[in-house]
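So the chains spell out like this:
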Amino acid sequence: MAPSTISPPGTLPAWGTVLVVVAHPDDESFGLGAVIDALARAGSAVHVLCLTQGEASTLGAAPDLAAIRAAELQHAARELGARSTELLDLPDGGLADLDLETLQAPVRKAVASVTPDGLLVMDSTGISGHPDHIAATNAAVAVARQHDLPVLAWTIPDEIAARLLEETGVPFVGRGSVETMTIEVDRANQRRAIDAHASQAVPGSVLWRRLELQGGVETLTWLRPVTQEHPR
């Protein structure tokens, strides 16, 4: 496993192994997909930990929605080049109500299993303010602190957040350029991964507008920066 190093601005860290922690099946594709793809293309072994089965979604509602979304996650992860996925059954829509140990324990177990050089998550704002997104990221950051691991987060620029809020009414939260770096991405595999989430990728979704506004660029921020080498 490669050591964690500080990368030049505008480049992804040279991590041998990455643990992605998200709340719902599709978060890894709709939000982090292009970044996961870029890491996998660069040679990182990417492992995805999803805390809920997304069973509370009103999109594609069906008695077997959890099973449908589990299959969609597996398909999407393959499109993105992820090495593995682990899907837990913590309550969709209820992560913020769980005690810290219940949230952190599976993340700690995944860290012990894959021994990552760093974690990739959604921004601590939750991007759209979703409590599950915030809780998942907080748990990942807490475990990373315990293991002295860096945490890189996908975020969106302030101006994109403002535009999406204006157009959709969804309370998106972004970050200013001082706090972030941008990377160029190829969205072909991300779009295939999104298509794999057929129950959720509905026409007219704000997802598509976000991709249109950002084009071939993604924005990242360090929630826990690399401060030193972490040899394995």
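Up top you'll find the structure we're talking about.
Not measured: the values here are computed from a predicted model. Each chain has its residues counted from 1, running along the sequence as written. Under the rules for a predicted model, residues below a pLDDT of 70 receive no local features and side-chain atom pairs below 80 are neither given nor counted, while totals for whole chains, interfaces and linings still include all residues. Computation of side-chain values covers all heavy atoms of the structure but excludes hydrogens and water.

A. View of the overall build of the chain. Numbered from the N terminus, helices here are DSSP runs of H or I no shorter than four residues, and strands are runs of E no shorter than two. Along its length, the chain carries eight helices and seven strands. Each radius of gyration is computed over the set of C-alpha atoms, and the globule rule expresses the reference value as 2.2 Å times the number of residues to the power 0.38. On C-alpha atoms alone, the chain measures out to a radius of gyration of 16 Å, which is about the 17 Å that the 2.2 N^0.38 rule sets for 232 residues. Seen through its principal axes, the chain has C-alpha atoms that stretch 45 × 35 × 30 Å. Exposure classes here rest on a 1.4 Å probe applied to the protein chains alone. A residue is buried below 20% of its type maximum, exposed above 50%, and partly exposed in between. Scored against the burial criterion, the 232 residues of the chain give a buried share of 52%. Working definition of accessibility: Shrake-Rupley area with a 1.4 Å probe, residue cover restricted to the visible protein chains. By element, 55% of the accessible surface of the chain is carried by carbon and sulfur atoms, the whole surface being about 9800 Å².

B. Summary view of unusual backbone geometry. A positive phi angle is found at D26, which is not glycine, with a value near 110°. For D26, the position within the fold is in the loop between β1 (17-22) and α1 (27-30). Positive phi is not limited to glycine here, since I127 has a value of about 65°. Mapped onto the elements, I127 comes out in the loop between β4 (118-122) and α5 (131-147).

C. Local environment of the packing of helix α7 (residues 188-196) against helix α8 (residues 206-214). Each axis is a line fitted through C-alpha atoms, and for a helix only the stretch in contact is used; angles between axes span 0 to 180 degrees, taken between their N-to-C directions. Packing of α7 against α8 brings their axes to within 13 Å, and their N-to-C directions diverge by 180°. Our classification of the angle between α7 and α8 gives roughly antiparallel. Contacts from Q190, R191, I194 and D195 in α7 reach L207, W208, R210 and L211 in α8. Residue classes follow a fixed rule: Ala, Val, Leu, Ile, Met, Phe, Trp, Tyr, Cys and Pro count as nonpolar, while Asp, Glu, Lys and Arg count as charged, and any other residue, Gly among them, counts as polar. Classifying every residue of the contact of α7 with α8 gives four nonpolar, one polar and three charged. Any angle from 65 to 115 degrees is called roughly perpendicular, while one under 35 is roughly parallel, one over 145 is roughly antiparallel, and all others are oblique. Contacts between residues were defined by any pair of non-hydrogen atoms, one from each residue, lying within 4.5 Å.

D. Expanded view of α7. By the burial criterion, the buried members of α7 are N189, Q190, A193, I194 and A196. Down the axis of α7, the smallest arc covering the buried residues is 150°, so these residues share one side. Next to the buried residues of α7 lie α1, α2 (33-41), α3 (65-80), α8 and β7 (217-224). What the arc covers is the set of directions going from the helix axis to the C-beta atoms.

E. Structural context of α3. By this rule, a helix spans an expected 1.5 Å times one less than how many residues it contains. If you check α3, its first and last C-alpha atoms are 22 Å apart, about what 16 residues at 1.5 Å a residue would give, namely 22 Å. Looking at α3, one finds that the buried residues are L65, A66, R69, E72, L73, A76, A77 and L80. Around the axis of α3, the buried residues are gathered within 135° of arc, so they sit on the same side. Packing partners of the buried residues in α3 comprise α1, α2, β2 (45-52), β3 (84-90) and α7.

F. Spatial organisation of the packing of helix α6 (residues 158-168) against α8. Running from amino to carboxyl end, α6 crosses α8 at an angle of 140°, the nearest separation of the two axes being 11 Å. On the basis of the axis angle, α6 is oblique to α8. Relative to α8, the crossing made by α6 is right-handed. Where α6 approaches α8, its residues I160, R163, L164, E167 and T168 are matched on the opposing element by V206, R209, R210, L213 and Q214. Taken together, the residues of the contact of α6 with α8 break down into four nonpolar, two polar and four charged. Crossing handedness follows the turn of the near helix against the far one: under a right angle anticlockwise gives a left-handed crossing, and clockwise gives a right-handed one.

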